[in-house]
Amino acid sequence: MAQCIVIVQFDLPKRTEEQAIKGGMGSAPIYRNLATTGLIRKDYLNGETGTGGVYLWESRAAAEAWFTEAKLAELTERFGARPRLTWYDTHVTVDNLKGETRVNQSALISAAE
């Protein structure tokens, strides 16, 4: 089964590093608690073209269960701008930390080979 990456972008001005860290640390507990519902990781984004996050989910179904219309309305209210979501299925992963390449989450090639 393919994992799912969702890129969430808000058209907002770039924040200072301090603001970005404060915002991320403030909401990190929410996303740590999603481990049991399929969220593998979230990276916070802060750049010239806006702010947002990159979410890696166990499956598209898990991502869709989180990113409901109600959740988008909540995010819109919190940030004052509606987020744009871009959805990707990811079938092949090169994981240099684990030294392996995976296809649909199954390791095929290790760095030792």
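Residues numbered from 1 in each chain as written. Predicted model: local features only at pLDDT ≥ 70, side-chain atom pairs only at ≥ 80, totals over all residues. Heavy atoms only, no water.

Going by the annotation in an unreviewed UniProt entry, the name recorded for the protein is Monooxygenase, with Bradyrhizobium septentrionale given as the source organism.

Caption draft 1: Fine view of the nonpolar core. Judged by nonpolar contacts, the single largest core of 16 residues is most densely connected at Val6, Tyr55, Trp57 and Phe67. Secondary-structure elements contributing two or more residues to this core are strand 1 (3–10), strand 3 (50–57), helix 2 (60–66) and helix 3 (69–79). The element that contributes the greatest number of residues to this core is strand 1, accounting for four residues. Discounting residues that sit within four places of it in the chain, Phe67 has contacts with Val6, Val8, Tyr55, Trp57, Leu72, Leu85 and Trp87. (Core = buried A, V, L, I, M, F, W, Y, C linked by side-chain atoms within 4.5 Å. Buried < 20%, exposed > 50% of the residue type's maximum accessible area, 1.4 Å probe, protein only. Helix = DSSP H or I, 4+ residues; strand = E, 2+ residues; numbered from the N terminus. Contact = heavy atoms within 4.5 Å.)

Caption draft 2: Representation of unusual backbone geometry in the model. With a phi angle near 45 degrees, Asn104 is a residue other than glycine that sits in the positive phi range. Summarising the element assignment, Asn104 is placed in the loop between strand 6 (100–103) and strand 7 (106–110). Here Asn104 falls in the partly exposed class, since its relative accessible area comes to 29%.

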